[in-house]
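# Architecture at a glance
Chain by chain, the residues run as shown.
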Amino acid sequence: MKRAGRTVARGRRGMSGQRVLKAEAALVGGVALALLCWELPSLRREVRIWRMAGGFRAGRRYP
């Protein structure tokens, strides 16, 4: 007895939607990682300045 229903087209050319989403996620993740690596020295410098100014404890001194 054969099963009735939709068949999955296996011989189609092109990419499925799921593969496109995975490729886009990989691309966005790579761009975000590259931006983080690019900005890391600046972020470290800003954190060092913030800590020298007192960090969270300096809220009363520097409004």
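These remarks concern the structure in this document. (Residues numbered from 1 in each chain as written. Predicted model: local features only at pLDDT ≥ 70, side-chain atom pairs only at ≥ 80, totals over all residues. Heavy atoms only, no water.)

## Details of the overall build of the protein chain
Check the secondary structure of the protein chain and you find 1 helix and 0 strands. Counting over 63 residues, the protein chain shows a buried share of 5%. Summed over all atoms, the accessible surface of the protein chain reaches about 6900 Å², with 60% contributed by carbon and sulfur. (Helix = DSSP H or I, 4+ residues; strand = E, 2+ residues; numbered from the N terminus. Buried < 20%, exposed > 50% of the residue type's maximum accessible area, 1.4 Å probe, protein only. Areas by Shrake-Rupley, 256 points an atom, 1.4 Å probe, with all protein chains shown as cover.)

## Looking at a nonpolar patch on the surface
A surface patch of nonpolar side chains, amounting to about 380 Å² of accessible area, comprises Leu33, Leu36, Leu40 and Leu43. Looking at leucine 43, the relative accessible area reads 44%, which means it is partly exposed. (Patch = residues over 30% accessible without salt bridge, like charges linked within 9 Å, V, L, I, M, F, W, Y side chains within 5 Å. Salt bridge = Lys/Arg side-chain N within 4 Å of Asp/Glu carboxyl O.)

## Let's talk about helix α1 (residues 17-52)
With 36 residues, α1 ought to run about 52 Å at 1.5 Å a step, and its terminal C-alpha atoms sit 50 Å apart, in line with that. For α1, the principal kink sits at leucine 40 and spans about 50°; a proline, proline 41, occurs within the next four residues. Burial of α1 is sparse: only 0 of the 36 residues sit out of reach of the surface. Two residues or fewer after α1 comes glycine 54, characterised by a positive phi angle close to 125°. (Expected span 1.5 Å × (residues − 1). Bend = angle between axes of the 7 residues up to and from the residue.)

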